[in-house]
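If you want the building blocks of each chain, they are given just below.
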Amino acid sequence: MKATRLISGTGRTVTRMGEVPAYEEGLYDTGHDTFAWLVPNGSWGETNVGLVRCGGSTVLIDTCWDLHHTREMLAHADAILQAAPISHLINTHADGDHCWGNQLFPGIPIYSTQACADQLHHHRPRQLSALKLGSRLFSHVPVHGVDALGRYMGAMLRPYDFSGIHVVGATQTFSGQLSVEVEGIRLELMEVGPGHTNGDCIVHVPERRVVFTGDILFVNVTPVAWAGPVSGITGALKRVLEMDVDVIVPGHGPLATRADVQRQIDYWEWLEPSLRTLASHGHKVDEAAQLCLDSKAFRKAPFSRWRAAERIFTSACTLYRAWGLPHARDSGPIGQLDHFRRQALLRVA
Ligand SMILES: [Zn+2]
């Protein structure tokens, strides 16, 4: 993998999730006039952002979960953006932590897949503000795991301020593939979803030997299939492995090696048949997810050391739904809270 250089770091010694950072938070020069804003350790909302300088313009790939963190990223990129202002914005998918800073870029073209645009309002900033507030109260209710839900959601949402956000979507949508040329540099936007979400896209810049994967790829963090199918995610990861690139920027976590990409494929290729077997033995989705986490195969695998192992529950629900089995992916606010309560209750050894 190409050597990278930190241009401007935040100097933080604790991550937003309260961990010791495994690498410094900040803007990195990833070579060939491309840059990555990397946020350790890649957990909830600790989202990476990409910048591709094309002559006197910069293409931004994704924004952050709130306005404050998006502005902070921009401030650290100021030396680049003074000479090459942001002229185009690409969203890899519709999760808020990749596009809720969009409103800070009025008047410039914003690109996403049509499926991403259609899913853009699946969460609302106001709901998350309410949930953040509610999580404090929940954490004092020691029944049915409501306190666990409160602590879980509180840790996830506390670092973020969802006030003042209005969700701004793409001005240019596409399906399949789209080439965007900016001052002679070609960016290939490749729809690879559904998988992580309904409308995932990855951004390949062949001339710069870089790919920005969005949340098709996490590094040292447990991935999640909100939408499925899992084959959408593994198919996309296999395409990434085939690319002739020096730099792979994941949606969360440090820059990826090819081995990191392969390990994510290994996770999915372990998870799907393991759950299938448990489901065929009549295990309900909660039990099956817990049995996977408790299994010898999991504990021996590299992915047992990844953060947010409990996300296995969401992916398990997605798979159970695809198999026509009872799952816990009910929509509506109460259903969603119950889903996260059950995820929070998984025991991770
Ligand atoms: Zn995502």
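Keep in mind the model is a prediction, meaning the values are calculated, not measured.

Okay, the overall build of the protein chain next. A tally of helices and strands in the protein chain yields 11 helices and 13 strands. Scaling as 2.2 N^0.38, a compact globule of 349 residues should have a C-alpha radius of gyration of about 20 Å, and the protein chain matches this with 19 Å. Sequence separation of at least 24 residues holds for 66% of the intrachain contacts in the protein chain that already meet a minimum separation of 6.

Counting 97 residues, the largest nonpolar core has I202, V203, L217, V240, I248 and A316 as the members making the most contacts within it. Excluding residues that lie within four positions of it along the chain, A316 makes contacts with L275, V285, A288 and A289.

Before going further, it helps to examine the sheet that holds strand 7 (residues 110-113). In spatial order, the strands read 1-2-3-4-5-6-7-8; together these 8 strands make up an open sheet with mixed pairing. Since the sheet does not close on itself, it has two edges, and those belong to strand 1 (5-9) and strand 8 (172-174), each with one partner. Across this sheet, the average inter-strand angle for adjacent strands is 20°, counted without regard to direction. Taken together, the 4 bridges between strand 1 and strand 2 (residues 26-31) define a ladder with antiparallel strand orientation. By the bridge assignment for strand 2, S8 is matched with L27.

This part is about the sheet that holds strand 9 (residues 177-182). Here 5 strands make up an open sheet; going across it, the order is 9-10-11-12-13 and the pairing mixed. Looking along the sheet, the strands with just one partner apiece sit at the ends: strand 9 and strand 13 (247-249). Direction aside, the axes of adjacent strands within the sheet are offset by 20° on average. Judged from the 6 bridges that link them, strand 9 and strand 10 (residues 185-191) form a sheet pairing that is antiparallel.

Conventions adopted
- Residues numbered from 1 in each chain as written.
- Predicted model: local features only at pLDDT ≥ 70, side-chain atom pairs only at ≥ 80, totals over all residues.
- Helix = DSSP H or I, 4+ residues; strand = E, 2+ residues; numbered from the N terminus.
- Rg over C-alpha atoms; globule rule 2.2 N^0.38 Å.
- Contact = placed C-beta atoms within 7 Å.
- Core = buried A, V, L, I, M, F, W, Y, C linked by C-beta atoms within 7 Å.
- Buried ≥ 20, exposed ≤ 12 C-beta atoms within 10 Å, placed from the backbone.
- Pairing = 2+ DSSP bridges.
- Axes fitted to C-alpha atoms, helices over the stretch in contact; angles between N-to-C directions.

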